[in-house]
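# Close look at the chain arrangement
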Amino acid sequence: MTITDIKTPAYVIDEKKLRQNLEILQRVQKESGAKILLAQKAYSIYQTYPLISQYLTGATASGLYEAKLAHEEMKGENTENHVYEPAFGDEEMVELCEICDHIVFNSINQLEHHRPVWEKAASEGKVSVGLRINPEFSTQDTHEIYDPCAKGSRLGICLRDMPQELPQGVEGLHFHTLCEQGFEPLETTFLKVEQEFGRFFPEPMKDNSNKIKWINLGGGHHITREDYNIEGLINLVKYIRQTYGIEVYLEPGEAIALDAGYLVTTVMDIVKTEMMPVLILDTSAACHMPDVLEMPYRPPLRDSEEAGELPFTYRLSSRTCLAGDIIGDYSFDHEIQIGDRLVFEDMAIYSMVKNNTFNGMALPDINILHENGDVEVLRRFGYEDFKIRL
């Protein structure tokens, strides 16, 4: 089966592009000494984890279920499994200490509440514990919903709330401030962290038993984007490792699957309006690409341009009854017909992990486009997948 034969709507993972991204990230690991983790919150297609584990150090989770998925499916040699969540349940912590080797707490309260469980695992060498800090340094001004350093943020411990010394057993610090950004915001953020949280970093010729052994620079790094300053990133990681003798982790999600997936859809109807013709698609922004409405975000569409740039402009919408379920306005060099197929690009990230069955919409198939051109169906969804969630 080829991509022209698939049933729509369908997500398609591009294996070749995925590998190209992984090769870039592997280069960063080799040249800098960093350890790079897959942030599963952006991309969790576990059928590709065997490929990913050939290149990366492991995965990071936002809770128990993602941690279990990585534990079960990420089978590379010496693969690491990290987890962070603003608050862990008591029963969850017991299980996490069995399947994760790094656990990051969001507060001193959480750290101490779960100490009886994690401290035993740490004493047996099973778990390394860290704290998430909030540098209070916003690096973006466009998507407040994704700004962990926005005023009043619940994510991470501010400097004023940190103790003078690390609590006993804490071995690492974690911060995450970026969203779809290049190297420069990371560099300025780290410099602020280094300046303000420097007392927790090891120092030459001193007792460093109560200092960090690792630091996690979080996610949001668009390392595989064409204009990303890879050399700058490599040099920063080398500086941190050489200056402080600690491990450095990066946990991008988007960079791993950036531009490595598509959402193929079929035009079901065309409705004339006083503004422009509206294409009714068998896919949905609200159900299948929620970031379109949440951020908002305009997904790239193959063989199209912005509205008005080409002769034929259409509004792309959905078969749901939500009036605002609109993907965007696009123009084409030819008239679109009922039955035509359209291909949204960059659809591997924050799509399958966030989709839903609102309005009883069917979930798209998940396919993989192998490097030889063959398409394999990884998962097909039906009525029972809708019903079982209710």
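Only a predicted model underlies this, so the values are computations on that prediction, with no experimental measurement involved.

### Some thoughts on the nonpolar core
Nonpolar side chains in soluble globular proteins generally cluster together in the buried interior. Of all hydrophobic cores here, the largest spans 100 residues; its most connected members are Ile103, Ile215, Leu316 and Phe344. For this core, the element with the highest residue contribution is helix α8 (residues 230–244), accounting for seven residues. Once residues within four sequence positions are removed from consideration, Ile215 is found in contact with Leu173, Phe175, Phe190, Phe201, Ile240, Ile246, Glu247, Val248 and Tyr249. Judged by nonpolar contacts, the second largest core, of eight residues, contains Ile6, Ala10, Val12 and Val264.

### Considerations on the sheet that holds strand β7 (residues 170–174)
An order of β2-β3-β4-β5-β6-β7-β8-β9 is seen for the eight strands of this closed barrel, with the pairing classed as parallel. Strand-to-strand, the axes of this sheet are offset by a mean angle of 25°, without reference to chain direction. Here two bridges tie strand β2 (residues 35–39) to strand β9 (residues 247–250), and the two strands are oriented parallel to one another. Within β9, the residue paired with Lys35 across the bridge is Tyr249.

### A few points about the pattern of salt bridges
Applying the stated rule across the entire model yields 23 salt bridges. For Glu203, the salt bridge goes to Lys206, with nearest N and O atoms at 3.4 Å. Classification of Glu203 as partly exposed rests on a relative accessible area of 34%. Put simply, Asp227 and Arg225 hold a salt bridge, and the shortest N to O gap is 2.6 Å. A relative accessible area of 58% places Asp227 in the exposed class.

### Regarding a nonpolar patch on the surface
A grouping of Leu293, Leu322 and Phe358 is seen on the molecular surface, where their side chains present a nonpolar patch of about 240 Å² in accessible area. Mapping Leu322 onto the fold places it in the loop between β13 (312–318) and β14 (326–332). The exposure class assigned to Leu322 is partly exposed, which follows from its relative accessible area of 36%.

### Concerning the environment of Asp259
Counting through the fold element by element, Asp259 comes out in the loop between α9 (254–257) and β10 (261–271). You can call Asp259 partly exposed: its relative accessible area is 39%. Sequence-wise, Asp259 and Asp346 are 87 residues apart; in three dimensions their C-alpha atoms are separated by 4.1 Å. In contact with Asp259, other than residues within four places in its own chain, are Lys17 and Asp346.

### A short note on helix α4 (residues 90–99)
Residues of α4 that are buried include every one of Met93, Leu96, Cys97 and Ile99, and no others. At its buried positions, α4 is contacted by α3 (64–73), β4 (80–84), β5 (102–105) and α6 (115–123).

### Some points on the side chain of Gln140
Residue placement: Gln140 occurs in the loop between β6 (128–132) and β7. Residue Gln140 is classed as buried on the basis of its relative accessible area of 13%. A polar contact is formed between the side chain of Gln140 and the backbone oxygen of Tyr146, at a distance of 3.2 Å. Once you skip the residues sitting within four places of it in the chain, Gln140 turns out to touch Tyr146, Asp147, Pro148, Thr177, Leu178, Cys179 and Gln181.

### Digging into the packing of α3 against α4
To describe two helices that pack against each other, one gives the angle between their axes and the distance between the axes. It is the contact of α3 with α4, at a shortest axis distance of 10 Å, that shows an interaxial angle of 25°. With respect to each other, α3 and α4 are oriented roughly parallel. Crossing hand, α3 versus α4: left-handed. Note on element contacts: α4 touches α3 through Glu92, Glu95, Leu96 and Ile99, opposite Leu64, Ala67, Lys68 and His71. Its residues assigned to classes, the contact of α3 with α4 shows four nonpolar, one polar and three charged.

### Some thoughts on α8
Between its first and last C-alpha atoms α8 spans 21 Å; for 15 residues at 1.5 Å apiece the expected length is 21 Å, and the two agree. Those residues of α8 that fall on the buried side of the exposure criterion are Ile230, Gly232, Leu233, Ile234, Leu236, Val237, Ile240 and Tyr244. Contacts made by the buried residues of α8 are with α1 (15–32), α7 (183–196), β8 (214–216) and β9.

### Here's the deal with the side chain of Thr265
Tracing the backbone through its elements, the reader meets Thr265 in strand β10. Polar contacts involving the side chain of Thr265 include one to the side chain of Asp282, which spans 2.6 Å. Apart from the residues lying within four places of it in its own chain, the contact partners of Thr265 are Thr8, Leu281, Asp282, Thr283, Asp340, Arg341, Leu342 and Phe344.

### A word on the packing of aromatic side chains
The full count for this structure, using the stated rule, is eight aromatic pairs. For the pair Phe105 and Trp118, a centre-to-centre distance of 6.4 Å together with 45° between the ring planes defines the contact as tilted. Separated by 13 residues along the polypeptide, Phe105 in strand β5 and Trp118 in helix α6 bring together distant segments of the chain. In this structure Phe105 comes out as buried when scored by relative accessible area, which is 0%. For the ring pair Phe201 and Tyr244, a centre distance of 4.8 Å and an interplane angle of 70° mean the geometry is edge-to-face. Taken together, the residues Phe201 in the loop between α7 and β8 and Tyr244 in helix α8 connect sequence positions 43 residues apart. Of the two residues, Phe201 and Tyr244, both sit in the buried class. Here the guanidinium or amino end of Arg298 rests over the ring plane of Tyr330, the centre of that ring lying 3.9 Å away. In this arrangement the basic side chain of Arg302 is found over the ring face of Tyr262, its NZ or CZ atom lying 5.0 Å from the centre.

So, how was this worked out
- Residues numbered from 1 in each chain as written.
- Predicted model: local features only at pLDDT ≥ 70, side-chain atom pairs only at ≥ 80, totals over all residues.
- Heavy atoms only, no water.
- Core = buried A, V, L, I, M, F, W, Y, C linked by side-chain atoms within 4.5 Å.
- Buried < 20%, exposed > 50% of the residue type's maximum accessible area, 1.4 Å probe, protein only.
- Helix = DSSP H or I, 4+ residues; strand = E, 2+ residues; numbered from the N terminus.
- Contact = heavy atoms within 4.5 Å.
- Pairing = 2+ DSSP bridges.
- Axes fitted to C-alpha atoms, helices over the stretch in contact; angles between N-to-C directions.
- Salt bridge = Lys/Arg side-chain N within 4 Å of Asp/Glu carboxyl O.
- Patch = residues over 30% accessible without salt bridge, like charges linked within 9 Å, V, L, I, M, F, W, Y side chains within 5 Å.
- Areas by Shrake-Rupley, 256 points an atom, 1.4 Å probe, with all protein chains shown as cover.
- Polar contact = N/O pair within 3.5 Å; in protein donor to acceptor, adjacent residues only side chain to side chain.
- Parallel < 35°, antiparallel > 145°, perpendicular 65-115°, else oblique.
- Left-handed = near helix turned anticlockwise from the far one by under 90°.
- Nonpolar A, V, L, I, M, F, W, Y, C, P; charged D, E, K, R; others polar.
- Expected span 1.5 Å × (residues − 1).
- Phe/Tyr/Trp six-rings, centres within 6.5 Å; stacked < 30°, edge-to-face > 60°.
- Lys NZ or Arg CZ within 6 Å of the ring centre and 35° of its normal.

Take it as geometry only, folks, not as evidence of what the structure does.
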